[in-house]
Amino acid sequence: MRDLISSLVLCFLLTTPTIVIHAQSSPSEVEKKLEAISNTLDATRQQLDRSQQEIVQLQAELAAMRRQLSSAPTSSPANSPTAQTGESSSQQTEERLQTLEAQVGVHDQTKVESASKYPLRVTGLILFNSFMNLGSVDNIDLPSIATRQAPGASNGSAGATMRQTILGIEATGPRIGGARTSADVNFDFFGGIPYSNYGTAAGIVRMRTASVNLDWQRDSIQFGMVSPLISPLSPTSYATVAEPGMSWAGNLWTWAPQLRVAHRFPISDEKHLMLEFGLWDPSSAGYNNSDVFRPPSAGEQTKQPGYEGRFSFGKGGERGLQAGIGGYYSRQAYSSANNDAWAITGDWRIPIAERFELSGEGYRGRSLGGLGGGVYKDIIFGTNPISGSIVWRGLNDIGGWTQFKSRFGQSLETNAAIGQDNGFSRDFHAVVLPANPSQTALRARNRMVVGNLIYRPKTYLILSPEYRRIWTWPIFGKGNTADVFTLSVGYQF
């Protein structure tokens, strides 16, 4: 300990600007500078002493636990109540011993160091997903659409993937203008198609979300690639992580670059109102026809951002009551005219006693493909039924999802959810569709029902079986269905 303190003192003195005493410097100024250095060293020494005391205390507890384990009786019959009680006590003692060892390890481990010298934390979820699909789907390891079976093709599939594994970095920086600064970035391996000429590959690294944050006591500013401000919730699922649960079936989820500001109005210690406003990069659905360059979307061609806002009420913490209403507007430019994309949204999370929770979102809008609605579409292309000229029409859309959660202690929970995205049939019938339209152009409605169980035998270990049924209807003809069975195994750190 003394060597550690001496090293810190030496480093401090080497990095502290040298005090040069000029002939004109007064003795009082020199004394003040020396006193400031002495106070800093005293504070550092006190912090090191506290850390040393914590380590000594934890080591003493570990030694006591080991002595208790070594002196536990082992001669009782296996089926006797005494043996069963002793075995239960031994298991509890062993778990406490593991916890204490982990706490000692936290004090002794080397932290991640960044160039800025500010705290940096690595997070992640190593996730294995095995699946079986009964029916034809768009993406076998993360289905969102039930498709028409191709002639001669198998009506189902099975496999496994680790492409939904997540790696993240969280950083905390200095205070600027009274605001606490922080940043985070998350990656997965869901970019590109995971196939090579020799079999299934691991996937391509993709940035999911990222943000730079400034947080005051009541205000915040965020620059980031995050989910829509008007859609803050998502269903709970470890089978759908690369795209949140109910994507394209009632959940507006698309991650996009945004600038957000928020102000909090406290009502009491537990209650508050929140007013949020954001500028959104107005991406549109299905516009990128280039594999090399990034052409502007219909929204970006208008040379103005999308606008979003939300007003909400909250009570309690992360599991407390929440209710909000939001709005979105974006102008889109097409060859002949402009289109107005808009949405009105509502979201809720309602705790019921201590074990149950009801949550969900709903929306009504138009041209929502860029946000995750419209079953991949913003507009409907076709010909005018009278003149025969090429025309388009913004697709009106309504949808939402709701989830019922049940918690059974700290290690077990179940979730049941239903969601639907529904394009208005009048917009399809207002134009004459092409003779051979794609399945995407014909899709008018998509529905999902999901049920899962999430079991955590230990804090960071996750086991989750899930069942999902998908219904997808085109504007004409028979709908398609698919049943999806998934088993997810994850380790969170």
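Please refer to the structure placed before this passage.
Keep in mind it's a predicted model, so treat the numbers as computed, not measured. (Residues numbered from 1 in each chain as written. Predicted model: local features only at pLDDT ≥ 70, side-chain atom pairs only at ≥ 80, totals over all residues. Heavy atoms only, no water.)

Participant: Can you explain the pattern of salt bridges? Please cite residues and give values.
Facilitator: For the structure shown, the criterion picks out 15 salt bridges. A salt bridge links Lys 405 to Glu 413, with the shortest nitrogen-to-oxygen separation between them at 2.7 Å. Summarising the burial analysis for this pair, Lys 405 and Glu 413 share the class buried. The residue Arg 468 makes a salt bridge to Glu 466 at a minimum N-O spacing of 2.9 Å. Taken together, the shared-partner salt bridges connect Asp 188, Arg 206 and Arg 208 into one network. (Salt bridge = Lys/Arg side-chain N within 4 Å of Asp/Glu carboxyl O. Buried < 20%, exposed > 50% of the residue type's maximum accessible area, 1.4 Å probe, protein only.)

Participant: Tell me about the environment of Ile 176, and please be specific about residues and values.
Facilitator: Tracing the chain through its elements places Ile 176 in strand 3 (residues 166–176). Taking relative accessible area as the criterion, Ile 176 reaches 47% and is therefore assigned partly exposed. For the pair Ile 176 and Leu 214, spaced 38 residues apart in sequence, the C-alpha separation works out to 8.2 Å. (Helix = DSSP H or I, 4+ residues; strand = E, 2+ residues; numbered from the N terminus.)

Participant: How would you sum up the side chain of Ser 312? Please name residues and give values.
Facilitator: Within the secondary structure, Ser 312 is located in strand 11 (residues 306–315). Residue classification places Ser 312 among the buried residues on the basis of a relative accessible area of 6%. Once you skip the residues sitting within four places of it in the chain, Ser 312 turns out to touch His 272, Leu 273, Met 274, Glu 276, Ala 323 and Gly 324. (Contact = heavy atoms within 4.5 Å.)

Participant: Give a detailed account of unusual backbone geometry, specifying residues and quantitative values.
Facilitator: Among all residues except glycine, the phi angle is most often negative; among peptide bonds, the trans geometry is most common. Positive phi values are uncommon outside glycine, yet Met 246 reaches one of about 65°. Structurally, Met 246 is set in the loop between strand 8 (219–226) and strand 9 (256–266).

Participant: Tell me about empty space enclosed by the protein, and please be specific about residues and values.
Facilitator: For the structure shown, the criterion picks out 4 cavities of 30 Å³ or more. A volume near 80 Å³ is recorded for the largest cavity. Taken together, 14 residues make up the lining of the largest cavity; nearest its centre are Pro 235, Ser 237, Gly 245, Met 246 and Val 450. Elements with a contribution of two residues or more to the lining of the largest cavity: strand 18 (412–423), strand 19 (443–455) and strand 20 (461–474). A total of 3 residues in the lining of the largest cavity trace back to one element, the largest contributor, which is strand 18. Taken together, the residues of the lining of the largest cavity break down into 5 nonpolar, 7 polar and 2 charged. Taken together, Leu 142, Pro 143, Ser 144, Thr 240, Glu 243, Pro 244, Gly 245, Met 246, Ser 247, Met 448 and Arg 468 make up the full set of residues lining the second largest cavity. Of the residues belonging to the lining of the second largest cavity, the class tally is 5 nonpolar, 4 polar and 2 charged. (1 Å grid on protein atoms, 1.4 Å probe; cavity = no way out; pocket = protein on both sides within 12 Å on 5 of 7 lines; lining within 4 Å. Points joined across faces, edges and corners; volume = space filled by probe spheres on them. Nonpolar A, V, L, I, M, F, W, Y, C, P; charged D, E, K, R; others polar.)

Participant: Just give me the short version of the pairing of strand 8, but keep the residues and values in it.
Facilitator: Here strand 7 (residues 204–215) runs beside strand 8; their pairing, made up of 6 bridges, is antiparallel. Following the sheet pairing, Asp 215 is matched in strand 8 by Ser 220. In sequence, strand 7 turns back onto strand 8 through a hairpin of 3 residues. Pairing analysis gives 8 bridges linking strand 8 to strand 9, with the strands arranged antiparallel. What sits directly across from Gly 224, in strand 9, is Gln 258. (Pairing = 2+ DSSP bridges.)

Participant: Account for the nonpolar core, naming residues and giving values.
Facilitator: Membership of the largest hydrophobic core is limited to 12 residues, which are Val 137, Ala 146, Leu 233, Met 246, Ala 249, Trp 401, Ala 417, Met 448, Val 450, Ile 470, Ala 482 and Val 484. Looking at this core, the elements that each hand over two or more residues are strand 19 and strand 21 (480–492). When residues no more than four places from it in sequence are discounted, the contact partners of Val 450 are Met 246, Asn 415, Ala 416, Ala 417, Glu 466, Tyr 467 and Arg 468. Listed in part, the 9 residues of the second largest apolar core include Ile 230, Ala 343, Tyr 363 and Leu 371. (Core = buried A, V, L, I, M, F, W, Y, C linked by side-chain atoms within 4.5 Å.)

Shape descriptors only; they carry no functional weight alone.
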